[in-house]
Structures are given as structure tokens and as C-alpha cells.
Amino acid sequence: MLKCMRSGEQLRVDEIAHSSDSLATRDYSASGGYSGRAGEIETKVDNSNIEEAESSLRESGYLNYEEARALLGRLEYQKGNTEAALHVFEGIDIAAVIPKMKVSISRRCEPNRRRSQSDAVPPMSMHAVSLLLEAIFLKAKSLQGLGRFGEAAQSCKLILDTVESALPEGLPENFASDCKLQETVGKAVELLPELWILAGAPQEAILSYRQALLYHWNLDIEVTSKIEKEFAVFLLYSGCDANPPNLRSQMESSFVPRNNIEEAVLLLLILLRKFVAGRIEWDPSILDHLSFALSISGKIRALAHQIEELIPGIMGRQERYCTLALCYYGEGDDLVALNLLRNVLNNRENTDCILELLLASKICSENLVCIDDGTKYAYKALGRLDGKCSQMLSIANCLLGVSLSVKSRSVASDSERILKQSEALQALQSAEKIMRERSPYVVFHLCLEHADQRKLDFALYYAKQLLKLEAGSSTKAYTLLARILSAQKRFIDAETVINAALDQTGKWDQGELLRTKAKLHIAQGQLKNAIETYTHLLAVLQVRTKNLGAEKRLLKSRSEINRSLEMETWHDLANLYTSLSQWRDAEVCLSKSQAINPHSAPRWHSTGLLYEAKGLHQEALESFRKALDVEPTHVPSLISTACILRQFGGQSLPVVRSFLMDALRLDRGNPSAWYNLGLLYKADAGASALETAECFEAAAFLEEHAPIEPFR
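Residues numbered from 1 in each chain as written. Predicted model: local features only at pLDDT ≥ 70, side-chain atom pairs only at ≥ 80, totals over all residues. Heavy atoms only, no water.

Chemist: Where do I start with the overall build of the chain in this structure?
Modeler: When you go through the chain residue by residue, the secondary structure sums to 35 helices and 2 strands. Considering only intrachain contacts with a sequence separation of at least 6, the fraction spanning at least 24 residues in the chain is 60%. When the accessible surface of the chain is summed, it comes to about 35,400 Å², and 51% of that surface belongs to carbon and sulfur atoms. (Helix = DSSP H or I, 4+ residues; strand = E, 2+ residues; numbered from the N terminus. Contact = heavy atoms within 4.5 Å. Areas by Shrake-Rupley, 256 points an atom, 1.4 Å probe, with all protein chains shown as cover.)

Below is the structure:
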């Protein structure tokens, strides 16, 4: 064999004595591994190596230079001599043998009728093809072991390109079952994406994954499923944007994924269907990755449907209900989510349900109807935690504080309100002390509670802490900080904060910031600047709305936020033009708002203000009443209705008082409601002077510390 390798000539079979010193025996001897002493050979015989080598020799009658190097390289690789094996493999003239291999593979798979008509003999036997393909694969493994990943990937890719070029329609069943060719090809299909990833070539990795899945390699279903899962994970977490696949043949109605998320979801759903059909074993991580993919793409309801369709036994009842509750909560179906959680919480057998209690408390804290349940669930969670986990204990205290804060804003008694506010602040402060790492959620609500109680210095401190924690990434933190500064009448500082936020924020997320900036202009009497800012905001929203058609994956909540913000902007502009006595401009703004939503309490209220400014008090009163028909708890309309009724005179004072008291019950910190109540008491001869003074005093204090917009 050494003579053959030196000369490059063919080594004939009759030149090799078929004995213990034959090529096949020597092939095994090296692969079995020599001991530390020369000549000492393992006694165990590897029959597969012997049979493969001897079969190749019998078929062709000779062993050529490339095949000899392939065998010798394999021996060195099996002994662990990676560099020596690579040196041997690099001596193979791959460019010369590839065309012969393609022809041999192609003719092997021709139909019998065509093969019988062909007189040409394949240039290589299938055993020789298998031997050389294995050599190329082991060369790739050797390069991988030496850290030369790019070269390894190119070597591995050569195997797949050769087979795919020879058999464009895919590998037939039982292809080359009498040699290792199918095994080598399968290993190469699995290895290639990994090599491209190690080489830092993500786009090439994506192409190799698609090649592995779109071409028929005749792989086992377990191997195919493994590749599908690995590809889905790579698409989700690699941070690389994949171009849409260019399929050679597809039906018009077939689905072609347009981005990483869609392609990953498609792969994971295929795996899920395979499991349902009983073709593969269950892998819990499939559902984890699918949950992540559908959540970030805004398809939370689709995730809920997938979970609901799972066969029994895959997920426990408690886990299923909790996951479904998270899905429906994410979709805004709070009551559905709460009912699902109650199914778990009402079952006495479920003792470990801290997560369910916390989620139920959070949902209840956002719904005034079930606020008492929110407090109850938070107390239960605290009782069951009993100091087990400081982070969860902190969240439980925070949720308790939020629930108590919401409750304090709905109670009628001042003493009870003050008590609830004190308890809420105490719970939030406990949440801050317990947490190991500061939580933006806890700090935000602590800041909000201090601001609501007009403890503005503390609120300002926590607002700055929140901004640091979120590294300036949240417009909510900037907006809250600006509102706190505006409550301290530091309008220039507040505008500086908003300008800094605008510089660091993408234009699509600037809506609330621009509206706050316009309000700051109004507070400083800069009405022209306010109109320009509102106009800029409307232009941004208009462009954003036009792009919605191209962005079907946009979250529904985002679309609703933009729609609501546009309406609020038109109302702000209408009120601004009304204050400037520009009636026509105000009417145009209200017509724009009506086109978005004809049944809007703020629009009817702005219409009433326009009528009132024109001196049409009866029409104004009718508009305010329509606003209350749409939204009975609309505080500005309650106050405006009371003001109009008081101006009419002859009305029962208790009726006017009831409107103002309803407004204060809903918004205790509204200075306009306190001021008008003071005017009502002043006009009432039977009212106490002390009550009148207290109303004016409350109005003055609240007006002095009023933000340009409500903190919440």
C-alpha cells in the first residue's frame, strides 16, 4: 500500500497475499490500536472493516491511490491521530474523484430498464464511493477537532452537494444498504449545521438546516425530529434574521414562513403533530419553545388553542389551567383567566399554588369588581410562602400593596381611605426591603403610591431609581418622572426629561411622550408650541396606522393603544382650540374623533365644552349627559354637568352635590371637583363655613401639587 501511495499507481488484488498480513487485516490491526510496544496487536477482529476492504478489492480488482489513502486516514483517525489522519486525507484528489462518484451514485439508482440499456460500467464501485465519502466526512471531523470549523463545514457540505447533485429527487429507500454510504450521509446531514454555527456563519447554518429538512435524505424520523428541534431553537435564540426560504416547488396555497418566528413555530407544530400521531416520544421542551415563540409574536390565543388540544396526560391539570390563564390574561380576557385560576385554587388538593395565587391577585388588582379577592389571594400567598423565597415574597407584598391602594380609592370614608393608603404603602415598602435585586415592578408601584399621596420628594426619588433600573429603556418611567416634576411646577425640568426620552426612543414609541410634551407647553402658556407638538404626534400616528397593513403580526394591544392615543390627541386639540375661541378648528378635531369612535365619553365632553364656550348651555348639558350615558364614571363630565346645573339656578342643590360627590368618590384628588363643591357650599346659606373652607383648602392644595396629567 505504501508503494501504491508513493507511485500513485493502482495496487492489484493478486499483489496482496490473502493472509493475516493482507490489507484488510492490516486495516483492522491499526484500527484496533497498537499497544505501546511495536508488533503487539489486539486479538479482537473487526469483521466489518475486513469485509468492507476486501469487498472493495474484489469488486474493482484493484485498490487505487485515493482509496488507499482513505483507508489509511481512517486508521489514523480511529487511533486518535487527528493531525496525521488529516495529513493523509488531504492527499486525496477530491476534485478528481467527485465526478466519478456522482456518476456511480446516479447509475446505481437508475431504474432497471434504463440500467439494462446502458452498456457503460460505473467508474467506481459503491463500496469505493462509500469509502471516499467516509474519508471526506472524517476529514471534516478532523478539522473540527483542530478548531478549523469553516474548512470542516466546507468538507462536510461537499458530501451533501455530491449526493444531491447525483440524485436531485432524493435518496431512494434502502439506498446502498450493503455499505456505510447511507450512514455517512446521515451523519454529515446532522453535523453540517453545527459546523457552520461554530464557524460563525449563521446564514450558512440556516441554509444547511433547510437543506437537511427539504431534501429527502432517507433519515430516521428521530433524526429528522432532532434536526427540526435544533433548527427551531436556533431560529428563536440565535439573534440572526433568516431570509424566507426559496422553495423550488410549492403549491400556491402552501404556507411559506416570512421570518424566524414563523419558521420556528412551523417546525415546532410539525413536531407536536408527530407526537400526537404517536411517531415520536414526548419532549416537554417542544411546548416550552412553542410557548415562547407564540408569545413574542403576539399569538397568545393560538398558544391557548394548542394547549387545549393536547391529549390528556401531557400536562398536569394545575399546570394546564395556569398556563391557559396566562394566555387569556395576555389576550385581555381577565375574567376567563381568573375563572381558570379559581378552578385550581378552589381545589383543596392543590397545596403548592403560589404562582396561581399571585397571578389571581394581579388580575383582581386590575379589576375594581373583584378587588377584595385580590387582597385575599395576596394574603394567602404570603401565608404559604412563609419566607421560603424572598423574590416571590416581595412580589406578594407588592401585589398586596397594589390591591390595597386600589381599594383605598374606592372607599367612601376618609378614615378608611387613609388607613388603606397607609397599609398599601407599608406593604410596598416591605416588598422593597425583601427583594434581593430591585424589581422595576415594585419600584414603579412604590413611586406611584407616593405620588398619589402627594409625597412628591419620595416619588421623585423612586422615579429616578426606576429610570436607572430600566437603563432608560422605558417610556413609562420617563413619563412618570415628568409628571412628578410637573406636580412640583418644575416644567422646564420636566420638558428636559421628555426631550431626553425622545432622543433615546424610536419614533413609533414616542406617542405618549409627545402628548406629555404638548401638555407641558400648555401648562407654560406656550399654546402655539403645543399645537405644533400635537400636529407632529398626529403625523407619527398616521404613518404608523398606514404601516399596520404591512405588519400583521403587530400586537392587538399596540393597535388599540395607538387608536386610543389618536382619539385623546384630537380631544386635546379640540379643547385647546376651544380655549382660543377657534370654533371651526375645534369642530374639525371632534369630527376626526367621531370617525374613529362615534360613542366616546371624552368626545361628548369636549363637544359640551365647545357648546359651553359658545354660550349654548342647554346643548352643552345635553352633550355632558350623553357622555355619562356612554360612561357613567367619566369624572370630567360629572363635574361639568354639576357646573352647568349650578349656573342654571333653580336646580335642587342636592342634585348638583350628588354629581360632585360622585366625581370625588371616583377621583379623590381632583381639585376642580373640590373647588366647585366649595362654590356650592358657599352659595348654600345652610352650609357650614368650615365645610366650605375645607373644600377650598383641599382644592388649593391639590391644584398646587397637580400634575399635567394624572399619575395613573
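The discussion continues.
Chemist: Would you explain the nonpolar core in this entry?
Modeler: Nonpolar side chains in soluble globular proteins tend to be buried together. Counting residues in hydrophobic clusters, the biggest one holds 111 residues, and the most contacted among them are M101, I105, L133, V163, L171 and W217. Broken down by element, the residue count for this core peaks at 12 residues, all from helix α8 (residues 126–145). Contacts of V163, omitting those with residues within four sequence positions, involve I105, L133, L171, V185, Y215 and W217. If you look at the next biggest cluster of nonpolar residues, it comprises 45 residues, including I371, L446, L480 and L485. (Core = buried A, V, L, I, M, F, W, Y, C linked by side-chain atoms within 4.5 Å. Buried < 20%, exposed > 50% of the residue type's maximum accessible area, 1.4 Å probe, protein only.)

Chemist: Which parts of the structure should I look at to understand helix α26 (residues 511–523)?
Modeler: Note: α-helices contain 3.6 residues per turn, so residues at a spacing of three or four share the same orientation. In this model, α26 (13 residues) spans 19 Å end to end at C-alpha, consistent with the 18 Å of a helix rising 1.5 Å per residue. Positioned one or two residues after α26, G525 has a phi angle of 80 degrees, which is positive. (Expected span 1.5 Å × (residues − 1).)

Chemist: What is the right way to look at the confidence of the model for the chain in this model?
Modeler: If pLDDT is low for a region, its predicted coordinates should not be looked at in detail. Confidence in the prediction for the chain averages 83 pLDDT; 85% of positions are at 70 or higher. A low-confidence stretch, residues 1–47 (pLDDT under 50), is modelled with 66 contacts involving residues beyond four sequence positions or located in other chains. The model gives residues 115–119 a pLDDT under 50, and that stretch makes 3 contacts with residues more than four places away or in other chains. (pLDDT = per-residue confidence, 0-100.)

Chemist: What is the right way to look at the packing of helix α12 (residues 221–237) against helix α13 (residues 260–276) in this model?
Modeler: Two numbers describe a pair of packed helices, the interaxial angle and the distance between the axes. Running from N to C, α12 and α13 cross one another at 150 degrees; their axes reach a closest spacing of 9 Å. What the angle tells us is that α12 and α13 run roughly antiparallel. In terms of crossing hand, the pair formed by α12 and α13 is left-handed. Between α12, through I221, T224, S225, E228, K229, F231, A232, L235 and L236, and α13, the contact on the second element is made entirely by N260, I261, E263, A264, L267, L268, I270, L271 and K274. (Axes fitted to C-alpha atoms, helices over the stretch in contact; angles between N-to-C directions. Parallel < 35°, antiparallel > 145°, perpendicular 65-115°, else oblique. Left-handed = near helix turned anticlockwise from the far one by under 90°.)

Chemist: I keep staring at the side chain of T607 and nothing clicks. Help me out?
Modeler: Inspection of the secondary structure assignment puts T607 in helix α30 (residues 601–614). Those residues in contact with T607 that sit more than four places away from it in its chain are L590 and S623.

Chemist: What exactly am I supposed to notice about the environment of D161 here?
Modeler: Structurally, D161 is set in helix α9 (residues 149–166). Its relative accessible area of 29% is what places D161 among the partly exposed residues. Spatially, the C-alpha atoms of D161 and K102 are 9.8 Å apart, while their sequence positions differ by 59 residues. Only 2.7 Å separates the side chain of D161 from the side chain of K157, close enough to count as a polar contact. (Polar contact = N/O pair within 3.5 Å; in protein donor to acceptor, adjacent residues only side chain to side chain.)

Chemist: Can you help me understand the packing of aromatic side chains in this one?
Modeler: Centre-to-centre distance and the angle between the planes together describe a pair of aromatic rings. Scanning the entire structure with this criterion turns up 7 aromatic pairs. One aromatic cluster is present, formed by Y209, F231 and F234 through successive ring pairs. Cation over ring: K476 sits above F444, and NZ or CZ is 4.3 Å from the ring centre. Positioned above the aromatic ring of W604 is the side chain of R603, whose terminal nitrogen or guanidinium carbon lies 4.7 Å from the ring centre. (Phe/Tyr/Trp six-rings, centres within 6.5 Å; stacked < 30°, edge-to-face > 60°. Lys NZ or Arg CZ within 6 Å of the ring centre and 35° of its normal.)

Chemist: Just to check I follow, could you spell out the side chain of N676 for this structure?
Modeler: Residue placement: N676 occurs in helix α34 (residues 671–683). By relative accessible area, N676 is classed as buried at 8%. Contacts of N676, omitting those with residues within four sequence positions, involve I639, C643, R646 and L660.

Chemist: Any chance you could explain the UniProt feature "repeat: TPR" (unreviewed entry) in the chain here in plain terms?
Modeler: On the UniProt side, "repeat: TPR" (unreviewed entry) is annotated at positions that read residues 601–634 here. Between the end C-alpha atoms of residues 601–634 the distance is 7 Å, and the span holds 82% helix and 0% strand. (UniProt positions renumbered as here; feature names shortened; annotations may be inferred.)

Chemist: Just to check I follow, could you spell out the environment of K187 for this structure?
Modeler: Counting through the fold element by element, K187 comes out in helix α10 (residues 181–198). For the pair K187 and C156, spaced 31 residues apart in the sequence, the C-alpha separation amounts to 9.5 Å.

Chemist: In this structure, what is going on with the environment of E449? I would like to understand it.
Modeler: Relative to the assigned elements, E449 resides in helix α22 (residues 440–452). Between the C-alpha atoms of E449 and L425, which are 24 residues apart in sequence, the distance is 6.8 Å. If near-sequence neighbours (up to four positions away) are discounted, E449 is found in contact with S405, Q421, A424, L425, L428 and R712. A polar contact is formed between the side chain of E449 and the side chain of Q453, at a distance of 2.8 Å.

Chemist: Honestly, the pattern of salt bridges in this entry has me stumped. Any pointers?
Modeler: Opposite charge on two side chains allows them to pair when their charged atoms are near. Summed over all chains, the structure comprises 35 salt bridges. Ionic pairing is found between D372 and K407, a salt bridge with its closest N-O pair at 3.3 Å. Here D372, found in helix α19 (residues 371–385), pairs with K407, found in helix α20 (residues 390–408); they are 35 residues apart in sequence, far enough to count as distant. Of the charged contacts in the structure, one is a salt bridge between K376 and D373, with a shortest N-O distance of 3.7 Å. Linking K376 with D373, this pair stays in helix α19, spanning 3 residues, or about one helical turn. (Salt bridge = Lys/Arg side-chain N within 4 Å of Asp/Glu carboxyl O.)

Chemist: Is there a simple way to explain a nonpolar patch on the surface in this structure?
Modeler: A surface patch of nonpolar side chains, amounting to about 280 Å² of accessible area, comprises Y237, F292 and I296. For F292, the location among the structural elements is in helix α14 (residues 284–296). (Patch = residues over 30% accessible without salt bridge, like charges linked within 9 Å, V, L, I, M, F, W, Y side chains within 5 Å.)

Chemist: Explain the packing of helix α6 (residues 94–108) against α9 to me, please; I cannot follow it from the model alone.
Modeler: Axis separation between α6 and α9 bottoms out at 8 Å; the angle between their running directions is 40 degrees. With respect to their mutual orientation, α6 and α9 come out oblique. Crossing angle aside, the handedness with which α6 passes α9 is right-handed. Each of I94, I98, M101, K102, I105 and S106 in α6 lies in contact with α9, whose residues at this interface are L158, T162, V163, S165 and A166. Class assignment of the residues belonging to the contact of α6 with α9 gives a composition of 7 nonpolar, 3 polar and 1 charged. (Nonpolar A, V, L, I, M, F, W, Y, C, P; charged D, E, K, R; others polar.)

Chemist: Is there a simple way to explain helix α25 (residues 491–504) in this structure?
Modeler: With 14 residues, α25 should cover 20 Å at 1.5 Å per step; its first-to-last C-alpha distance of 20 Å lies within 8% of that length. Three or more residues of α25 are buried, namely F491, A494, E495, V497, I498, A501 and L502. Each buried residue of α25 sits inside an arc of 155 degrees when the element is viewed along its axis, so together they form one side. In α25, the exposed positions angled more than 90 degrees off the buried face are occupied by I492, D503 and Q504. Close packing links the buried residues of α25 with α24 (475–487) and α26. (Arc of directions from axis to C-beta.)

Chemist: In this structure, what is going on with unusual backbone geometry? I would like to understand it.
Modeler: Excluding glycine, residues mostly have negative phi values, and the peptide bonds linking residues are mostly trans. The phi dihedral of R454 is positive, around 60 degrees, even though this residue is not glycine. Residue placement: R454 occurs in the loop between α22 and α23 (456–469). Here R454 falls in the buried class, since its relative accessible area comes to 17%. Although it is not a glycine, K489 adopts a positive phi angle of roughly 65 degrees. Tracing the backbone shows K489 in the loop between α24 and α25. A residue is classified by how much of its surface remains accessible, and K489, at 37% relative accessible area, is partly exposed.

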